[in-house]
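Chain by chain, the residues:
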Amino acid sequence: MPAIIVCILLFGMISFVTNLASPMGDILKNQFHVANWMGTLGVLCNFIAYAVMGIPAGNLLQKKGYKFTALAAVLVGFTGVGVQTIAGLLTGNLAFGVYLLGAFIAGFSMCMLNIVVNPMLNKLGGGGNRGNQLVQVGGSFNSLMGTAVIFLTGVFVPSIVDAKISQVFPLMFIALAIFAVAFLVILFTNIPENPTVGMAKAEQKSQYGPMSFRHFVLGAVAIFIYVGVEVGIPNVLQKWLQNGGLNVESGAEAIAGTVTATYWLLMLVGRLAGAALGAKVSAKSMLSAVSCVGLVLVLCAMFLNPATAVNLPVFKGTAGFGMASVPVNAALLVLCGLCTSVMWGGIFNLAVEGLGKYTEKGAGIFMAMVCGGGILPFIQNFVVDMTNGGAGYLTSYWVIVAGLAYLLFYALVGSKNVNKDIPTA
């Protein structure tokens, strides 16, 4: 049970550390007086680490097992967050560089945890329905922690103009404490491993691989784009609300953080709904529907007049909780969380359909493509800078529109397996 609890906490830490990178971009922008795209370098470093570590982490899991890989991932995570914390004690360009280094190291850990925690939690649950149930619990906690870190950042940073890395030290200390406890519990817990009999046997070489399948290649691109869309929508939304998108005299940072956190909360709602409907609705139909709805929501958010406002429940800083008037554009972008919540599973299922023995290698490639979560928001923030902010925040969502259009294409056309003649047994 202690190991199961720790695994669920690690599920949450993946989202906690990853989502912290987005509001940290606003802090970096203001503390070091850099452009939006430079503030997004922390997110970029965090996700580029997936491209570097995705396949090696899979190989490490296969050779060293769950316990060794989990311990290594936790140790790397502690180091990454620790380096980011040290950056808060420094000044000038040195602090900026040290923070980016910490974000890159933390990204290694998040990649390794993603690869090891899902199957490890399933094994601790004994597999079957019980194991799947624990994985679902872990996924739900992942969404909750992702929501919490965005909300708490808004609480700890009352003024984005005067923001500093040191203001989010409490969040970093929480992460360090969880990593430390996780390392000790995993170290002294007996974790079931895969049988090693026959693993030394050389694999028969094949002229084929997962990249031999067109629908997998297009699916890998879809994962790259999806993670970028998932991260880019709330990333720029929060920046827009903090930099003039809200017509309020005080509490803009807290309100922006709450509104953005609602996006991640709706992702939790969407995942629960997707789990309930998964057995009744095909992955193709689900991905087609959410991509189409997402396109409509984003396009409406881009072209509706921001002067049109709706009331949302938010945290107003010193004024406490209450209703706040926010642009209807923001509300529509928040609703996109319901759409992005189920896209990963749909894309993954469609892409590995019919891969047979190539599925495991395909999963490693997928993890490397998660780097899109850093690259697309980087491009989107570059568009914001090119359009001088203001209306440019909404203009940048053309990047998201293009991404969602591709996901719709993949669901309707690109996901068809046209390589059924390749042997997969």
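So, how was this worked out
- Residues numbered from 1 in each chain as written.
- Predicted model: local features only at pLDDT ≥ 70, side-chain atom pairs only at ≥ 80, totals over all residues.
- Heavy atoms only, no water.
- Patch = residues over 30% accessible without salt bridge, like charges linked within 9 Å, V, L, I, M, F, W, Y side chains within 5 Å.
- Areas by Shrake-Rupley, 256 points an atom, 1.4 Å probe, with all protein chains shown as cover.
- Salt bridge = Lys/Arg side-chain N within 4 Å of Asp/Glu carboxyl O.
- Helix = DSSP H or I, 4+ residues; strand = E, 2+ residues; numbered from the N terminus.
- Buried < 20%, exposed > 50% of the residue type's maximum accessible area, 1.4 Å probe, protein only.
- Lys, Arg positive; Asp, Glu negative; His and termini not counted.
- Charge placed at Lys NZ, Arg CZ, Asp CG, Glu CD.
- Expected span 1.5 Å × (residues − 1).
- Contact = heavy atoms within 4.5 Å.
- Axes fitted to C-alpha atoms, helices over the stretch in contact; angles between N-to-C directions.
- Parallel < 35°, antiparallel > 145°, perpendicular 65-115°, else oblique.
- Left-handed = near helix turned anticlockwise from the far one by under 90°.
- Nonpolar A, V, L, I, M, F, W, Y, C, P; charged D, E, K, R; others polar.
- Disulfide = S-S within 2.5 Å.
- Phe/Tyr/Trp six-rings, centres within 6.5 Å; stacked < 30°, edge-to-face > 60°.

So, a nonpolar patch on the surface
Turning to step 1, where the next piece is worked out: Together, Leu184, Leu187 and Phe188 make up an exposed nonpolar region whose accessible area comes to about 330 Å².
Turning to step 2, where the next piece is worked out: Along the chain, Leu187 turns up in helix H6 (residues 169-187).
Turning to step 3, where the next piece is worked out: Taking relative accessible area as the criterion, Leu187 reaches 34% and is therefore assigned partly exposed.

Looking at a positive patch on the surface
Turning to step 1, where the next piece is worked out: Among the surface-exposed residues, Arg214, Lys284, Lys416 and Lys420 lie close enough to one another that they form a single positively charged patch.
Turning to step 2, where the next piece is worked out: Tracing the sequence through the fold places Lys416 in the segment after helix H15 (398-414).
Turning to step 3, where the next piece is worked out: Given a relative accessible area of 59%, Lys416 falls into the exposed group.

Here we look at helix H13 (residues 372-386)
Turning to step 1, where the next piece is worked out: Taking 1.5 Å per residue, 15 residues should reach 21 Å; H13 reaches 21 Å between its end C-alpha atoms and fits that length.
Turning to step 2, where the next piece is worked out: Restricting attention to buried positions, one finds in H13 the residues Gly372, Gly373, Gly374, Leu376, Pro377, Gln380, Asn381 and Val384.
Turning to step 3, where the next piece is worked out: The inward-facing, buried residues of H13 contact helix H2 (36-39), helix H3 (41-87), helix H7 (214-245), helix H14 (392-395) and H15.
Turning to step 4, where the next piece is worked out: Once H13 ends, the next one or two residues include Asn388, with phi positive near 60 degrees.

Considering the packing of H7 against helix H10 (residues 328-340)
Turning to step 1, where the next piece is worked out: Close contact between H7 and H10 brings their axes to 10 Å; oriented N to C, the two are set at 155 degrees. Relative to H10, the element H7 lies roughly antiparallel. Viewed along their axes, H7 and H10 form a crossing whose handedness is left-handed. Residues Tyr226, Val229, Glu230, Ile233, Leu237, Trp240 and Leu241 of H7 touch H10, and the partners they reach there are Asn329, Ala330, Leu333, Val334, Cys336 and Thr340.
Turning to step 2, where the next piece is worked out: Considered class by class, the residues forming the contact of H7 with H10 number 10 nonpolar, two polar and one charged.

Here we look at the state of the cysteines
Each disulfide consists of a covalent bond between the sulfur atoms of two cysteine residues.
Turning to step 1, where the next piece is worked out: Applying the stated rule across the entire model yields zero disulfides.
Turning to step 2, where the next piece is worked out: With no disulfide of its own, Cys339 has Cys336 as its nearest cysteine by sulfur position, at a separation of 5.7 Å.

Here we look at the packing of aromatic side chains
Aromatic rings considered in pairs are described by the distance between their centres and by the relative angle of their planes.
Turning to step 1, where the next piece is worked out: A complete count under the given rule lists nine aromatic pairs for this structure.
Turning to step 2, where the next piece is worked out: Ring geometry for Phe47 versus Tyr50: centroids 5.8 Å apart, planes at 20 degrees, classification stacked. Remark: Tyr50 and Phe47 occur in helix H3; sequence separation between them is three residues, near one turn of the helix. As far as the burial class goes, Phe47 and Tyr50 line up, both buried.

Considering H15
Turning to step 1, where the next piece is worked out: For H15, the full list of buried residues reads Val399, Ile400, Val401, Gly403, Leu404, Tyr406, Leu407, Leu408, Tyr410, Ala411 and Gly414.
Turning to step 2, where the next piece is worked out: Close packing links the buried residues of H15 with H7, helix H9 (283-303), helix H11 (343-352) and H13.

Regarding the environment of Gly346
Turning to step 1, where the next piece is worked out: Note on placement: Gly346 falls in helix H11.
Turning to step 2, where the next piece is worked out: C-alpha of Gly346 to C-alpha of Gly274: the two residues are 72 residues apart in sequence and 9.8 Å apart in space.

Side note on the packing of H7 against H11
Turning to step 1, where the next piece is worked out: One can describe the packing of H7 onto H11 by two numbers: an axis separation of 9 Å at closest approach and a directional angle of 165 degrees. In terms of orientation, H7 and H11 fall into the roughly antiparallel class. Of the two possible hands of crossing, H7 and H11 adopt the one that is left-handed. Contacts from His215, Phe216, Gly219, Ala222, Ile223, Tyr226 and Val227 of H7 reach H11 at Met343, Trp344, Ile347, Leu350 and Ala351.

As far as function goes, none of this settles anything; it's purely spatial.
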